[in-house]
Structures are given as structure tokens and as C-alpha cells.
Amino acid sequence: MIDCPDVYFTELANSLALWCEESVKNKVISRESLVKVAKRIFSITYKDDTSEKRNVCDDNPISVAINHPVGRIMEALLDDCFGKTIHKGEGIADVHRELFSHVCDTSNLSLRHGRVILASRMVGLYYADENWVREYLCPLLKWSGNHYEARAAWFGMLWVNRPHIPLMVEIKDDFLSTAKYITELRDVGERYCGFLTLMGLWHVPEYFNCKEYKAIFQVLPSAALEHCAGMLRRYQSDWLTAKSDKGDKSSEDDDIDERTSPERLWCKDTYPFIQKVWPKDVEKLSPKICRDFSQLVIGTGKEFPNALKSLEWILNKCDSEDDWLLHLMKNGTRYLQDFPEGSLEY
């Protein structure tokens, strides 16, 4: 089957790649056979391998990649390379390194689906071999290079990864530049906003610059600011859910609560971020942003009165339909008891 003519192999490639994915998971295919299939799949010219087709087919690079033989065989190679556990600094096996490096050659348009999959595993690859990622994957994220390649790589990178500080520091300039192209990221644009907000909240010294961040947030479109407000609300308020889910706490849990207390989050992270970075233009306050900030305030613990005062300029823009008081009664009844005046003021 592997040696059949291209005209037939092209029709079989997707099914064969899917079979390889499952075979790797079930450990019923040898590495030698997998590599042989991958090389053949990488050598084929597919129907969408023209720049004109790319602009149409790759409207959502992720969807295309995970359903394309090149993307599927890349998933199989990555699973074969690392298995379920990646060890820091373990490196990439030579046979896989050769194939991964080949796929990163942007002059080969048909392999772009493999590059999307590689970008989606960027954190794991960086953990295993940061030098290889620095040389081969990081350049794909540069908007100053090939615009289509950068867009596709960011789709992959933001799809399943979480912020990994050493890597984020490595790609800082390209990451911040992505704010200019956020409307092109479609669904993963929300994840970009989450990354952007978290990196600001965490105050990474090599990363966080108030002036730089403030300038970026000033130009973010309204929909992006709504996503950022949602992340702020989750960051500050999710402790309520985590705490209620714990039930009885051990002394160890108490230590964890102290380190991640709502008061600490508000004073050290959330409030400084809002004060120094968040746009103060009330015209940018959509109903959703106001609602997220009103819920954020309820997650500030004993800092509730200070949070109310600090965010008065936002809470005053809340519409009655946001029903802030009912949300307060449902999720923060103790505030009504401890801070009745502040709770009822708005």
C-alpha cells in the first residue's frame, strides 16, 4: 500500500494516517513502519496545495489540520515520540527531529497542516527541547514573515496550550504583536485574550510592562475586551467555587487558601492590573463587561468594600437588567450580612 502510485495513495492517505493514529495509541505499529508511512504522506501533493486554495480552505487552520492526512500523521508521530509523559530536557529522538524539522520548512505548502499540529504541541516540545523550538517553531509565529503561516501557527499554539512562562518570555514580541491581528484569530482570539490577561496578572518581570500593556488594551476591540473581562472575573471569583467544592478543609488546605485568598488576589494581582492597564474610557464598557466586573467584585472577600469603591466608575454603568443584587444574594450572601451598606448601594 505504501508503495502504490501517487494517484491511488492520495485517496488512501487520510484513512492510512487515521489508522496510524489509532495504532500508535494501541502500540500495534512499529516506529520504523510509522516513519515510512509519514515520509510517504509528506511527499504527496494534495488538491489544496496552492496558495489560492489555502486562503479558502484554511479559514480555520485547526479544523483543516486535524482532518488532513498530514495533520493526522503528525499527531501520530508526536504521540510516538513522547508517549503520555514528557520529561524536561529529554530532547527529541533523531528520527522524529528530522521529520519535524522537515515539516517546518515553509516553502513546502502541503506540510502546513503538520506545522499547525506542531504549534499545538509547542509547550510540550519546548519542555523537551527548547533549542529546537527556538530554531524551528518560534519563527513560524512572526507576523513580519509569512502572514498566513503566522496566523496558522497562532491558531495551533492557542488551541490547546496554556501559558508557559519560559516559552511566553521567549515569544513575547510576537505574542504582543498578535493583538493587532486578533480579529483574524476567530474563535481562538478568546484564548489569546485569556493569555494576554493572565500574563499581565502574573506580573512576569521579563514580560509585564504597564506602559506596553496599557497601549495594547487601549486598541483592543470591544469583543476582545469582553473576553479579557471574563478572564479577570474567573481569575478573581473562581475561588468561591473551589472553596465550596472542598467542603471540610485540612490544615494544608488552609495554607493553600491563605496563599490564594481572594483578598491577596485582589490586592496583588487584579486591582493593580485594572488600575494600571484597563482602559478608563466608559464608552468601552459593554453590558457584558459591566456584568463580569460586578461578579468579580463579589469574589474579593474582605476587600469587598474597597473593590466596590475602586470599581464604582464601572458598576455605575451596570444596567438594571444585569440584576447585580440578585447575583450578590445568590453567590455572596455573607457580604449582605458583613457589608450591608456597600451591598445595597448599587
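These numbers come from a predicted model, not from an experiment.

Caption draft 1: Structural context of the overall build of the protein. Helix and strand counts for the protein stand at 23 helices and zero strands. Each of the 346 residues in the protein was classed as buried or not, and the buried ones make up 49%. Taking all contacts inside the protein whose residues are at least 6 apart in sequence as the whole, residues at least 24 apart take part in 72%. In the form shown here, the protein has an accessible surface area of approximately 17200 Å², with 49% of it arising from carbon and sulfur atoms.

Caption draft 2: Structural detail: helix α5 (residues 69-82). In this model, α5 (14 residues) spans 20 Å end to end at C-alpha, consistent with the 20 Å of a helix rising 1.5 Å per residue. In the segment just after α5, G83 is the residue with positive phi, at about 65°.

Caption draft 3: Quick peek at the pattern of salt bridges. A complete count under the given rule lists 15 salt bridges for this structure. Here E22 and K25 are joined by a salt bridge, their closest N and O atoms 3.9 Å apart. Placement of both E22 and K25 in helix α1 (residues 6-25) is noted, with a separation of three residues, approximately one turn of the helix. You can call E22 partly exposed: its relative accessible area is 38%. Measuring nitrogen to oxygen at the nearest pair gives 3.0 Å for the salt bridge that ties R233 to D292. Here D292 lies in helix α18 (residues 287-298) and R233 lies in helix α15 (residues 222-246), a separation of 59 residues in the sequence. Under the relative-accessibility criterion, R233 is labelled partly exposed at 22%. Note on D292: relative accessible area 4%, which makes it buried. One network of salt bridges, with partners in common, ties together E75, D79 and R121.

Caption draft 4: Summary view of the packing of aromatic side chains. Taken as a whole, this structure holds 10 aromatic pairs when the rule is applied. Taken together, a centroid distance of 6.2 Å and an interplanar angle of 25° make the contact between Y213 and F217 stacked. A residue pair is termed a helical-turn pair when its members lie 3 or 4 positions apart in one helix, as Y213 and F217 do in helix α14 (residues 210-219) at four residues. Each member of the pair, Y213 as well as F217, is classed as buried. Connected via pairs of aromatic rings, a cluster forms that spans Y213, F217, F273, W278 and F293. Over the ring of F9 we find R40, and its NZ or CZ is 4.5 Å from the ring centre.

Caption draft 5: Just a nonpolar patch on the surface, in detail. The grouping of I165, V169 and W202 at the surface amounts to a nonpolar patch, some 220 Å² of accessible area in total. For W202, the position within the fold is in the loop between α13 (189-201) and α14. The partly exposed category is assigned to W202, whose relative accessible area is 34%.

Caption draft 6: Here's a closer look at the confidence of the model for the protein. For the protein, mean pLDDT is 84; residues scoring 70 or higher make up 82% of the total. Low confidence marks residues 242-259, where pLDDT is under 50. Its contacts with residues over four positions away, or in another chain, come to eight contacts.

Caption draft 7: Representation of the layout of surface pockets within the structure. Considered as a void within the structure, the largest pocket measures approximately 360 Å³ in volume. Elements supplying a minimum of two residues to the lining of the largest pocket: α1, α5 and α8 (122-128). In terms of residue count, α5 provides more of the lining of the largest pocket than any other element does, four residues in total. Residue composition of the lining of the largest pocket, grouped by class: six nonpolar, three polar and six charged.

Caption draft 8: Expanded view of helix α2 (residues 31-43). Taking 1.5 Å of rise per residue, 13 residues should cover 18 Å, and α2 covers 18 Å from first to last C-alpha, within 8% of that figure. Restricting attention to buried positions, one finds in α2 the residues L34, V35, V37, A38, R40, I41 and F42. In this structure, the buried residues of α2 make contact with α1, α5 and α6 (94-103).

Caption draft 9: The arrangement of the packing of α1 against α5 in detail. Look at α1 against α5: their axes get within 8 Å of each other, and the N-to-C directions meet at 15°. Classified by the angle their axes make, α1 and α5 are roughly parallel. In this structure, the crossing between α1 and α5 has a hand that is left-handed. For the pair formed by α1 and α5, the contact residues are A13, N14, A17, L18, C20, E21, V24 and K25 on the first element and P69, R72, I73, E75, A76, D79 and D80 on the second. Class assignment of the residues belonging to the contact of α1 with α5 gives a composition of eight nonpolar, one polar and six charged.

Caption draft 10: Main features of the environment of A179. Its location among the elements puts A179 in the loop between α12 (172-177) and α13. Owing to a relative accessible area of 10%, A179 belongs among the buried residues under this scheme. Considered as a pair, A179 and C193 are 14 residues apart in the sequence and their alpha carbons are 8.6 Å apart.

Caption draft 11: Geometry of the nonpolar core. By size, the foremost hydrophobic cluster in this structure holds 103 residues, and its most contacted members are F42 and W278. The element contributing the most residues to this core is α5, with eight residues. With sequence-adjacent residues up to four places away left out, W278 is seen in contact with F217, L225, C228, A229, L232, F273, L285, I289, F293 and W313.

How each quantity is defined
Residues numbered from 1 in each chain as written. Predicted model: local features only at pLDDT ≥ 70, side-chain atom pairs only at ≥ 80, totals over all residues. Heavy atoms only, no water. Helix = DSSP H or I, 4+ residues; strand = E, 2+ residues; numbered from the N terminus. Buried < 20%, exposed > 50% of the residue type's maximum accessible area, 1.4 Å probe, protein only. Contact = heavy atoms within 4.5 Å. Areas by Shrake-Rupley, 256 points an atom, 1.4 Å probe, with all protein chains shown as cover. Expected span 1.5 Å × (residues − 1). Salt bridge = Lys/Arg side-chain N within 4 Å of Asp/Glu carboxyl O. Phe/Tyr/Trp six-rings, centres within 6.5 Å; stacked < 30°, edge-to-face > 60°. Lys NZ or Arg CZ within 6 Å of the ring centre and 35° of its normal. Patch = residues over 30% accessible without salt bridge, like charges linked within 9 Å, V, L, I, M, F, W, Y side chains within 5 Å. pLDDT = per-residue confidence, 0-100. 1 Å grid on protein atoms, 1.4 Å probe; cavity = no way out; pocket = protein on both sides within 12 Å on 5 of 7 lines; lining within 4 Å. Points joined across faces, edges and corners; volume = space filled by probe spheres on them. Nonpolar A, V, L, I, M, F, W, Y, C, P; charged D, E, K, R; others polar. Axes fitted to C-alpha atoms, helices over the stretch in contact; angles between N-to-C directions. Parallel < 35°, antiparallel > 145°, perpendicular 65-115°, else oblique. Left-handed = near helix turned anticlockwise from the far one by under 90°. Core = buried A, V, L, I, M, F, W, Y, C linked by side-chain atoms within 4.5 Å.

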